[in-house]
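Reading the structure
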Protein chains: 2
Amino acid sequence: MGSSTKKKILVLGGGFAGLEFCRRFKDEDTSIMLVDKKNHHLFQPLLYQVATSGLSAPQIAQPLRGILRGRDQLTTYLDEIQEISLEGKFAKGKNRIYEYDYLVLGLGAKTSYFGNDHWAEHTHGLKTLNDALGIRNHVLRSLEMAEMETDSEKQKRLMTFIVVGGGPTGVEMAGALAELGRHVLNRNFRHIDPKNVRVILVEGSDKILGNYSDPLPASAQKQIEKLGVEVRCGNMVEDIRAGELDVGGETIYAGTIIWGAGVEAVPLTKQLGAPLDRAGRIKVCPDCSIPGHPEAFAIGDIAHLVDTKGKPVPGVSPAALQMAKHISKIIAKEIETGQMRKPEERKAFTYFNKGNMATIGRSKAIAEIGKLKMSGMPAWMAWLVVHLIFLVGFRNRIVVLLDWFYSYINYRRSARIIFE
Amino acid sequence: MGSSTKKKILVLGGGFAGLEFCRRFKDEDTSIMLVDKKNHHLFQPLLYQVATSGLSAPQIAQPLRGILRGRDQLTTYLDEIQEISLEGKFAKGKNRIYEYDYLVLGLGAKTSYFGNDHWAEHTHGLKTLNDALGIRNHVLRSLEMAEMETDSEKQKRLMTFIVVGGGPTGVEMAGALAELGRHVLNRNFRHIDPKNVRVILVEGSDKILGNYSDPLPASAQKQIEKLGVEVRCGNMVEDIRAGELDVGGETIYAGTIIWGAGVEAVPLTKQLGAPLDRAGRIKVCPDCSIPGHPEAFAIGDIAHLVDTKGKPVPGVSPAALQMAKHISKIIAKEIETGQMRKPEERKAFTYFNKGNMATIGRSKAIAEIGKLKMSGMPAWMAWLVVHLIFLVGFRNRIVVLLDWFYSYINYRRSARIIFE
């Protein structure tokens, strides 16, 4: 459908960065190609809810075609990118080649084991829908096996869950697992008591949620300990084997080990010849373009940028959204004027931090908005409201609301299904 | 927890039959064991909605432990039964042995290929949650591939779906697939038009929904043809190969072949030494007990019975529920009086047919309630109401209602997610 005079914009990745770009960019005179290996956009901040049976997969995943329905200048391709040539201005997928005038690279990050890739086979990551459904299956199955188990040592091990990483992902996951045992599965079993589920949160630094100002990390630790979670800070994981984790010179035995400790950029960045940081992220110019390639931008978790305020832009969804908006303006203007500018002539990106919040469990959270610090119920209410507003565009907003409301009232969870 | 004086009731299968028995039977002085290889009860009548992205899996599947929560005399086991000894009064699972005083056999049916088991690898069944998610993935992926395909023959093939079997399962499936193409995916693609999706419904007998009185089958055919479905009656399937189906001397090429033509009892019935019909179902006594074993009952799709009215009890969920209620009374009374009766002394089962209804698509259905025959919008409204009422006990009733309501208004579907 694209005529040869139309500028071609190739968007790689339908995550927060890529999708937001597509939504923002509505120039009629361009041909936009969006390529993702998945057919859906994933609302990653709620992935832990799928993992702990609180939400179903479709409630946090929305088909890209559906979101971008009726946008005739935009074509969505289900394809996996295998090579990008910045020189040749094309990307090669499994199915076809995509040529471009402008490139928007938003392929995001994947779980990082900091060089210990063999740990992957003994742990569950928490980045994809498959990861989340895998954890759900594994956790529910472990409890079923514990109910059958007659050896009390084995039973204890099946009921022990380790979460590695004291960032928001790990904290939310550990809190939700503890609630699952303490409240949700109450009176569901006859031979075990799910209240005895043991959840251990392992963090290498000296506190959890360390990116928050004091006293919020300490408050978060107090709140999560109230749920029965054991918090172990100050020691890095030494080794992980099947059902075993070494930390601080001790070995912990656990039926489930969840890895939420770190991410790195997708491996494709290594092919680009662009400068990378230690996590494989592209060190972009202040305008988010890739050095030497003003027509190619990297945004979201795949980009490394110290912004105009002198601070590194964090790998969070608001940053990805803001970057997408920023470059959509740049590109729209240049296409309109027919003139590609130099990176230094373009506006530099500045991250506006609207605040951070992390949930721990029902009525338990911390939030930091500018100088305002909250914890407990008020922070949790704020978290709830923000996440509901954030789900705008997701068709099942009301359903998510109802599900949460239902869970809040009676501690049930709607998605406790083990798939075969 | 069970003391030795308590009677042990073993319930195999948590489908409509087995679960209803557990719900009905609330004698405090018994020990009930419910064994299922899945952790959830499945609302099978809506499985086609999961397959066609209308509902998410957890919306029609509910954890057995959750449903039976707090029933302290009842223990649920996630286990797969491998052997049943009617003589020894025990069943052997993969994990343990279950001894019983009374047996309730409700293991149901599985897809039958009428002796052509090799067709299974080229078709999708529609009996389990996995089947439904498999169809959803396959259908969505076929359309994604068609969007990429440059060879128009291959493209057509990817957009052709065959449904075998003109019973309610096949009709509902074919109708929902046609709607998916015609309405739901409208304006989602750029290189294909999902309106051109070809859905072919193949039925061996001379009409679809042949168990309804005339003129309902003809009305159903007219309604489904309005949706664009091609109906081919009067010829049995001759052969199925990968992407190819022979019927009436012709070969049809299709990217997807769904098999909804028949069911048979699970293979375990063959070990019992009990009389079986051609579909492997146990020919039970009028009270639903297995001949020669008054302590063992078979109910639901696994049982074959000509009831007191002289008609074979159909393999539908209302029949399973009624049988469960029937035998729960028998067993409760005998445990109360401490005396096991002979089958001929017990009340015989009579199936009460409250009516049948099959849905075809939005505003399209047929219904037969006693002498009342309905089709089109009134039948569809009746179908909708009955299925919503039927979902009682399912915690997500409201959510299902909302989803349907939403779909009804704007032809969207909430679960268009391809899993990896």
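Residues numbered from 1 in each chain as written. Chains lettered and ligands numbered in written order. Predicted model: local features only at pLDDT ≥ 70, side-chain atom pairs only at ≥ 80, totals over all residues. Heavy atoms only, no water.

Some words on the overall build of chain A
- Helix and strand content of chain A: eleven helices and 25 strands.
- Across its three principal directions, the C-alpha atoms of chain A cover 70 × 40 × 40 Å.
- Each of the 420 residues in chain A was classed as buried or not, and the buried ones make up 56%.
- When contacts within chain A are restricted to residue pairs at least 6 apart in sequence, those whose partners lie at least 24 apart make up 65%.
- Carbon and sulfur atoms make up 51% of the accessible area of chain A, which amounts to about 17,600 Å² in all.
- Of the charged side chains in chain A, 55 are positive and 46 negative, and the gap between their average positions amounts to 6 Å. (Helix = DSSP H or I, 4+ residues; strand = E, 2+ residues; numbered from the N terminus. Buried < 20%, exposed > 50% of the residue type's maximum accessible area, 1.4 Å probe, protein only. Contact = heavy atoms within 4.5 Å. Areas by Shrake-Rupley, 256 points an atom, 1.4 Å probe, with all protein chains shown as cover. Lys, Arg positive; Asp, Glu negative; His and termini not counted. Charge placed at Lys NZ, Arg CZ, Asp CG, Glu CD.)

Focus on the pairing of strand S1 (residues 7-12) of chain B
Residue and element names in this part refer to chain B.
- Of the pairings in the sheet, the one linking S1 to strand S2 (residues 30-36) comprises six bridges and is parallel in character. Each bridged residue has a counterpart across the sheet, and for Leu12 the counterpart in S2 is Val35.
- A crossover connection joins S1 to the parallel S2 through helix H1 (residues 16-24); in handedness this β-α-β unit is right-handed.
- Note: S1 against strand S9 (residues 102-105), four bridges, orientation parallel. The residue of S9 that forms the bridge with Leu12 is Leu105. (Pairing = 2+ DSSP bridges. Right-handed = clockwise from strand over helix to strand, strands pointing away.)

Points about the interface of chain A and chain B
- Contact with chain A, which involves 58 residues of that partner, is made by 58 residues of chain B.
- Here chain A packs against chain B, burying approximately 5,200 Å² in sum over the two surfaces, 54% of which is carbon and sulfur.
- At the surface where chain A touches chain B, the tally comes to four salt bridges.
- In this structure, the salt-bridge partner of Arg187 of chain B is Asp72 of chain A, at a minimum N-O distance of 3.2 Å.
- Elements with a minimum of two residues in the side of chain A that touches chain B: helix H3 (57-60), strand S4 (61-63), helix H4 (64-67), strand S5 (74-78), helix H5 (129-148), helix H7 (168-184) and helix H11 (397-410) of chain A. (Buried area = accessible area lost by both parts, 1.4 Å probe. Salt bridge = Lys/Arg side-chain N within 4 Å of Asp/Glu carboxyl O.)

Here's the deal with the relation of the copies chain A and chain B
- Between chain A and chain B, the superposition needs a rotation of 180 degrees and an axial shift of 0.0 Å, giving an RMSD of 0.0 Å. Taken together, the rotation and translation describe the operation of a two-fold axis. (Least-squares fit on C-alpha atoms with pLDDT ≥ 70 in both.)

Some details on the sheet that holds strand S11 (residues 160-164) of chain B
Residue and element names in this part refer to chain B.
- Here we have four strands laid out as an open sheet, ordered S13-S12-S11-S17, and parallel in their pairing. Because the sheet does not close on itself, it has two edges, and the strands there are strand S13 (230-233) and strand S17 (256-259). Across this sheet, the average inter-strand angle for adjacent strands is 20 degrees, counted without regard to direction.
- Note that strand S12 (residues 198-203) and S13 share four bridges and pair parallel. Directly across from Leu201, in S13, lies its bridge partner Val231.
- Helix-sheet contacts for helix H7 (residues 168-184) involve S11, S12 and S17, and the interaxial angle to S12 is about 170 degrees. (Axes fitted to C-alpha atoms, helices over the stretch in contact; angles between N-to-C directions.)

Details of the sheet that holds strand S24 (residues 364-369) of chain B
All names here are of chain B.
- Sheet architecture is open: three strands sit in the order S23-S24-S25, paired in antiparallel fashion. Looking along the sheet, the strands with just one partner apiece sit at the ends: strand S23 (356-361) and strand S25 (372-375). Each strand axis lies, on average, 5 degrees off the axis of its neighbour in the sheet, ignoring direction.
- Along the sheet, helix H8 (residues 216-226) contacts S23, S24 and S25; its crossing angle with S24, the most-contacted strand, is approximately 165 degrees.

Here we look at the domain arrangement of chain A
Residues and elements named next belong to chain A.
- If you check the domain split of chain A, you get domain 1 (7-37 + 79-111 + 263-345) and domain 2 (117-261).
- For domain 1 and domain 2, the distance between their C-alpha centroids amounts to 35 Å.
- Counting residues at the interface gives five residues for domain 1, matched by four residues for domain 2.
- Counting the surface lost from both domain 1 and domain 2, the interface buries some 300 Å², and carbon and sulfur atoms represent 57% of this. (Domains from an automatic or database assignment.)

Comments concerning the nonpolar core
- Formed by 238 residues in total, the largest nonpolar core has its most connected members in Ile9 and Ile84 of chain A together with Ile9 and Ile84 of chain B.
- With residues near it in sequence (within four places) discarded, Ile9 of chain B still touches Phe21, Phe25, Thr30, Ser31, Ile32, Met33, Tyr102, Val104, Ile331 and Ile335 of chain B. (Core = buried A, V, L, I, M, F, W, Y, C linked by side-chain atoms within 4.5 Å.)

Here's the deal with the UniProt feature "domain: FAD/NAD(P)-binding" (unreviewed entry) in chain A
- In the UniProt entry, the feature "domain: FAD/NAD(P)-binding" (unreviewed entry) is given for residues 8-323 of chain A.
- Taken as a whole, residues 8-323 of chain A contains 27% helix and 28% strand, while its terminal C-alpha atoms sit 20 Å from one another. (UniProt positions renumbered as here; feature names shortened; annotations may be inferred.)

Considerations on the packing of aromatic side chains
- Under the definition given, this model contains twelve aromatic pairs over all chains.
- Here the aromatic rings of Phe21 of chain B and Phe25 of chain B are separated by 5.3 Å at their centres, their planes lie at 15 degrees, and the arrangement is stacked.
- With a relative accessible area of 0%, Phe21 of chain B lands in the buried category.
- Plain terms: the ring middles of Tyr77 of chain B and Tyr98 of chain B are 5.2 Å apart, the flat faces sit at 65 degrees to each other, and that makes the pair edge-to-face. Highlighted residues: Tyr77 of chain B in strand S5 (residues 74-78) and Tyr98 of chain B in strand S8 (residues 97-99), separated in sequence by 21 residues.
- Here Tyr77 of chain B falls in the buried class, since its relative accessible area comes to 5%.
- Overall, Tyr98 of chain B belongs to the buried group, its relative accessible area being 0%.
- Taken together through their ring pairs, the aromatic side chains of Tyr113, Phe114, Trp119 and Trp259 of chain A make up a single cluster. (Phe/Tyr/Trp six-rings, centres within 6.5 Å; stacked < 30°, edge-to-face > 60°.)

Let's talk about the state of the cysteines
All names here are of chain B.
- Taken as a whole and judged by the stated rule, the model has zero disulfides over all chains.
- In this structure Cys288 is a free cysteine whose sulfur lies 9.3 Å from that of Cys285, the closest cysteine sulfur available.
- The buried category is assigned to Cys288, whose relative accessible area is 0%. (Disulfide = S-S within 2.5 Å.)

As for H5 of chain A
- Over its 20 residues, H5 of chain A extends 29 Å from the first C-alpha to the last, a length consistent with the 28 Å expected when each residue adds 1.5 Å.
- Most of H5 of chain A is tucked away, with 14 of its 20 residues classed as buried. (Expected span 1.5 Å × (residues − 1).)

Points about helix H1 (residues 16-24) of chain A
- Where burial is concerned, most of H1 of chain A is hidden: seven out of the nine residues are buried.
- All buried positions along H1 of chain A are accounted for by Phe16, Ala17, Gly18, Leu19, Glu20, Phe21 and Cys22 of chain A.

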